[in-house]
Amino acid sequence: MTRRLLAYFLLDTSGSMNGEPIQALNNGFNGLISMLRADPQAMDSLHLSVITFDREVRNIVPLIGLANFYPMEITCPDSGPTHTGAALEMVAELVKKEIVKGSADEKGDWQPLLFIFTDGKPSDLQKYRQMIPVLRDLEFGAIVGCAAGPKADEQFLKELTDHVVKLDTTDAITLSSFFRWVSSSITQGGKSQSTGEVITLPPPPSELNIII
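Residues numbered from 1 in each chain as written. Predicted model: local features only at pLDDT ≥ 70, side-chain atom pairs only at ≥ 80, totals over all residues. Heavy atoms only, no water.

What follows is about the layout of surface pockets. One number sums up the size of the largest pocket: a volume of about 210 Å³. Here the residues of the lining of the largest pocket are counted per class, giving six nonpolar, three polar and four charged. (1 Å grid on protein atoms, 1.4 Å probe; cavity = no way out; pocket = protein on both sides within 12 Å on 5 of 7 lines; lining within 4 Å. Points joined across faces, edges and corners; volume = space filled by probe spheres on them. Nonpolar A, V, L, I, M, F, W, Y, C, P; charged D, E, K, R; others polar.)

The structure is reproduced here in structure tokens:
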């Protein structure tokens, strides 16, 4: 059995993403898939799962191998809250169910990766904070948070992970740059784990601000 690298994407589709931001998110994410398809190792081992969160949380793309992943259209409502905590709860349940643990007979999956993209802050803050220790216990190889646009509050993402990126805008150029960096992070993450190293993320391009 090929060892899998599972990558989970939590994408904010709350009302504030309506219009140009959701179009840019679609273009950037589908561009990410194209870039990853050019990497033979990713084609061999990478499995993706896409979860959107607004008022509701949906696993719009259940875990699937990169080779079988096809472009999709992400949509969002005209208005509504950002249930980030509920999204974390769903991803925790999925990881517990989907990850293959190693045994004496065979090696299990690589440590999974988690990417969270939001243009705001959690509407369900109590649940969000309840889920933080649960996520940490799942031993992700890396959790990357992206706070995009002027209303995004990166402080909440910093409670969850040390890897937080701040984007000034949610336009197509900036999001494309972000997803190019995500592609590099996934590729490097897969190579790091295969050599037994701790995952180190590549340096971001100049238009992405890493929050320390």
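Attention now moves to the pairing of strand S5 (residues 142-148). A regular strand places its side chains so that they alternate between the two faces of the sheet. Within S5, seven of the seven residues are buried, leaving the element largely enclosed by the surrounding structure. By the alternation rule, side chains of S5 split into Ala142, Val144, Cys146 and Ala148 and Ile143, Gly145 and Ala147, which are all buried. As judged from the six bridges shared by strand S4 (residues 113-118) and S5, these two strands associate in the parallel manner. Across the sheet, residue Phe115 finds its bridge partner in S5, namely Val144. Remark: the S4/helix H4 (residues 125-137)/S5 crossover connection has right-handed handedness. Sheet topology note: the S5/strand S6 (residues 163-167) ladder contains five bridges and is parallel. Within the sheet, the bridge partner assigned to Gly145 lies in S6 and is Val164. Between the parallel pair S5 and S6, the chain is carried across by helix H5 (residues 154-160), and the sense of this crossover is right-handed. (Buried < 20%, exposed > 50% of the residue type's maximum accessible area, 1.4 Å probe, protein only. Helix = DSSP H or I, 4+ residues; strand = E, 2+ residues; numbered from the N terminus. Pairing = 2+ DSSP bridges. Right-handed = clockwise from strand over helix to strand, strands pointing away.)

Attention now goes to H4. If you check H4, its first and last C-alpha atoms are 19 Å apart, about what 13 residues at 1.5 Å a residue would give, namely 18 Å. Note on H4: the residue one or two positions beyond its end, Glu139, has a positive phi of about 55 degrees. (Expected span 1.5 Å × (residues − 1).)

Attention shifts here to empty space enclosed by the protein. Evaluated as defined, the whole model comprises two cavities of 30 Å³ or more. By volume, the second largest cavity is sized at about 40 Å³. In this structure, the second largest cavity is lined by Thr84, Thr118, Gly120, Lys121, Pro122, Tyr128, Asp153, Phe156 and Leu157. In terms of residue class, the lining of the second largest cavity is built from four nonpolar, three polar and two charged.

With that out of the way, let us pick up the nonpolar core. Generally speaking, soluble globular proteins have nonpolar side chains that are buried together. One finds Phe9, Leu25, Phe29, Leu46, Phe117, Val182 and Ile186 to be the most contacted residues of the largest nonpolar core, which totals 39 residues. Counting residues per element, the ones that place at least two in this core are strand S1 (5-12), helix H1 (20-37), strand S2 (46-53), S4, S5, S6 and helix H6 (172-194). When residues of this core are assigned to their parent elements, the largest contribution, seven residues, is made by H1. Filtering out sequence-adjacent residues up to four positions away, Leu46 remains in contact with Leu5, Ala7, Leu36, Gln41, Ile64, Gly65, Leu66 and Ile186. Core analysis: the next-biggest nonpolar cluster, separate from the first, contains 27 residues, Ile51, Leu135, Ala152 and Leu160 among them. (Core = buried A, V, L, I, M, F, W, Y, C linked by side-chain atoms within 4.5 Å. Contact = heavy atoms within 4.5 Å.)

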